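For reference, the chains in residue letters:
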Amino acid sequence: MDLIDTWLRLWNNDLTLAEKIVSPDFVAHAAPLVDSGSDEIRGRDGLTEWIAGTHTTIRDLEFTVAVGPIADRDFVVVRWHASGTSAVGPVSITGTDILRLVDGMIVEYWLNADSLQLARQVGLIPQA
């Protein structure tokens, strides 16, 4: 699916792709990492700032599809894996994206990822 390929390339830090697949009135719903802010990200700029910040924290970050895409009407679901290197060592995380589309553009996004595991790997909280 071209949309998912472009979505992955966007998350792999090709921020110029946001205009191609993300609606101007985009909203993302994601639990904040260790109570670091709102659970919503709004607009293309909000999304690209989020992605850029993630790549600043985790060098060489690369996302790949593990399962999917699974499409049903206006929704697409994909299970992904990402890996890279933080200041304290290697990072490996998995998650699930649920995308809602209108006229071929992503208007809404729900993220479910192992934020606790990520916070431990980047040194925000101690390892268990």
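Below you will find a few notes about this structure. A quick note: this is a predicted structure, and the numbers were derived from the prediction, not measured. (Residues numbered from 1 in each chain as written. Predicted model: local features only at pLDDT ≥ 70, side-chain atom pairs only at ≥ 80, totals over all residues. Heavy atoms only, no water.)

Following the sequence through the fold, T57 ends up in helix α3 (residues 43-57). The class for T57 is partly exposed, based on a relative accessible area of 43%. Discounting residues that sit within four places of it in the chain, T57 has contacts with T85, S86, A87 and V122. (Helix = DSSP H or I, 4+ residues; strand = E, 2+ residues; numbered from the N terminus. Buried < 20%, exposed > 50% of the residue type's maximum accessible area, 1.4 Å probe, protein only. Contact = heavy atoms within 4.5 Å.)

This brings us to the nonpolar core. Counting 30 residues, the largest nonpolar core has W7, L10, V22, L47 and I106 as the members making the most contacts within it. Among the secondary structure elements, those contributing two or more residues to this core are α1 (2-11), α2 (18-21), β1 (22-29), α3, β3 (59-72), β4 (75-86), β5 (89-102) and β6 (105-113). Among the elements that take part in this core, α1 stands out by supplying six residues, more than any other. (Core = buried A, V, L, I, M, F, W, Y, C linked by side-chain atoms within 4.5 Å.)

Here we come to the environment of V88. With respect to the element layout, V88 can be found in the loop between β4 and β5. Overall, the relative accessible area of 59% leaves V88 in the exposed class. With 33 residues separating them in the primary sequence, V88 and Q121 have C-alpha atoms 7.4 Å apart. In this structure, V88 is in contact with Q121, V122 and G123, ignoring residues within four places of it in sequence.

Attention now goes to the pattern of salt bridges. By the definition in use, this model includes two salt bridges. A salt bridge links D72 to R73, with the nearest nitrogen and oxygen atoms 3.9 Å apart. Owing to a relative accessible area of 46%, D72 belongs among the partly exposed residues under this scheme. Taking the relative accessible area as the measure of exposure, R73 reaches 76% and is therefore exposed. Put simply, E108 and R100 hold a salt bridge, and the shortest N to O gap is 3.0 Å. Residue R100 is classed as partly exposed on the basis of its relative accessible area of 27%. (Salt bridge = Lys/Arg side-chain N within 4 Å of Asp/Glu carboxyl O.)

It is worth spelling out the packing of α1 against α3 at this point. With their axes 9 Å apart at the nearest point, α1 and α3 run at an angle of 55 degrees to one another. Taken together, the axes of α1 and α3 are oblique relative to one another. In this structure, α1 contributes W7, L10 and W11 to the contact, and α3 contributes L47, W50, I51, T54 and H55. Residue composition of the contact of α1 with α3, by class: six nonpolar, two polar and no charged. (Axes fitted to C-alpha atoms, helices over the stretch in contact; angles between N-to-C directions. Parallel < 35°, antiparallel > 145°, perpendicular 65-115°, else oblique. Nonpolar A, V, L, I, M, F, W, Y, C, P; charged D, E, K, R; others polar.)

Before going further, it helps to spend a moment on α3. Each α-helix turn comprises 3.6 residues. Residues three or four places apart therefore point the same way. Taking 1.5 Å as the rise per residue, α3 with 15 residues should run 21 Å; its terminal C-alpha atoms sit 22 Å apart, in good agreement. For α3, every residue scored as buried is listed here: G43, G46, L47, T48, I51, T54 and H55. Of the surrounding elements, those touching the buried residues of α3 are α1, α2, β1, β2 (40-42) and β3. (Expected span 1.5 Å × (residues − 1).)

Right, let's talk about the sheet that holds β2 for a bit. Sheet strands pair via backbone hydrogen bonds, and the direction of the pair is either parallel or antiparallel. Strands sit in the order β2-β1-β6-β5-β4-β3 across an open sheet of six strands; the sheet is mixed. Among the strands making up the open sheet, the edge pair consists of β2 and β3. With strand direction ignored, the average angle separating the axes of adjacent strands in the sheet is 20 degrees. Pairing of β1 with β6, which is carried by four bridges, proceeds in the parallel orientation. Of the residues in β6, the one forming a bridge with V22 is I106. In the packing of α1 onto the sheet, contacts are made with β1, β3, β4, β5 and β6, and the angle to β3 comes to roughly 160 degrees. Taken strand by strand, α3 contacts β1, β2, β3, β4 and β6, and its axis lies near 55 degrees from that of β1. (Pairing = 2+ DSSP bridges.)

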